[in-house]
Amino acid sequence: MTDFSVSWRDLENRVGLDDLPAFHRAFLHWRGIDGGDAMPLRRVQQRVEAELNRMVQGELATREGDDWHLIPGALEGFEAAAPYLPTQPDSLPL
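The paragraphs below set out a description of the structure included in this document.

About the cut-offs
- Residues numbered from 1 in each chain as written.
- Predicted model: local features only at pLDDT ≥ 70, side-chain atom pairs only at ≥ 80, totals over all residues.
- Heavy atoms only, no water.
- Helix = DSSP H or I, 4+ residues; strand = E, 2+ residues; numbered from the N terminus.
- Buried < 20%, exposed > 50% of the residue type's maximum accessible area, 1.4 Å probe, protein only.
- Lys, Arg positive; Asp, Glu negative; His and termini not counted.
- Salt bridge = Lys/Arg side-chain N within 4 Å of Asp/Glu carboxyl O.
- Polar contact = N/O pair within 3.5 Å; in protein donor to acceptor, adjacent residues only side chain to side chain.
- Axes fitted to C-alpha atoms, helices over the stretch in contact; angles between N-to-C directions.
- Parallel < 35°, antiparallel > 145°, perpendicular 65-115°, else oblique.
- Left-handed = near helix turned anticlockwise from the far one by under 90°.
- Contact = heavy atoms within 4.5 Å.

**Let's talk about the side chain of Asp67**
Thinking step 1. Structurally, Asp67 is set in strand 3 (residues 67-70).
Thinking step 2. Summary of buried charges: Asp67 has no salt-bridge partner, and the nearest side chain of opposite charge, Arg9, is 4.9 Å away.
Thinking step 3. Here the side chain of Asp67 touches Ser7 through a polar contact of 2.5 Å, side chain to side chain.

**Focus: the pattern of salt bridges**
Thinking step 1. For the coordinates displayed, the defined rule picks out five salt bridges.
Thinking step 2. Its salt-bridge partner being Glu12, residue Arg9 comes within 2.8 Å of it at the nearest N-O pair. One end of the pair, Arg9, and the other, Glu12, are both in helix 1 (residues 8-15), three residues apart, so they sit about a helical turn from each other.
Thinking step 3. Taking relative accessible area as the criterion, Glu12 reaches 8% and is therefore assigned buried.
Thinking step 4. Residue Arg31 pairs with Glu51 through a salt bridge whose shortest N-O separation is 2.9 Å. Placement of Arg31 in the loop between helix 2 (20-30) and helix 3 (41-57) and of Glu51 in helix 3 is noted, with a sequence separation of 20 residues between them.

**Here's the deal with unusual backbone geometry**
Thinking step 1. Its identity is not glycine, yet Glu59 carries a phi of approximately 60°, on the positive side.
Thinking step 2. As for its placement among the helices and strands, Glu59 is situated in the loop between helix 3 and strand 2 (61-64).

**What to know about the packing of helix 1 against helix 2**
Thinking step 1. Where helix 1 meets helix 2, the closest approach of the two axes is 9 Å, and the angle between their N-to-C directions is 130°. The angle between helix 1 and helix 2 falls in the class oblique. Viewed along their axes, helix 1 and helix 2 form a crossing whose handedness is right-handed. On helix 2, the residues touching Trp8, Leu11, Glu12 and Val15 of helix 1 are Leu20, Phe23, His24 and Phe27.

Bear in mind that shape data such as this cannot, by itself, settle questions of function.
Put into structure tokens, the structure is as follows:
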């Protein structure tokens, strides 16, 4: 990936453990997954990974081991991610 890709694991680290469940639920909501607020945390994590794999299939990300690298703009519109994204060109959602 280019130097401007966004590592999902780095993004999660920036969010922090306390806010990660809400961040993951917001990601599922942004991806159009219903019922995320009622899912157990383990199921939320599984669905997040499934959605990241769908982003790979849609060429919005690549998978490298246990991490996903999202292309610039892949999180466009996901406002919950904006405070945690690097300030590199084309990496912030509009």
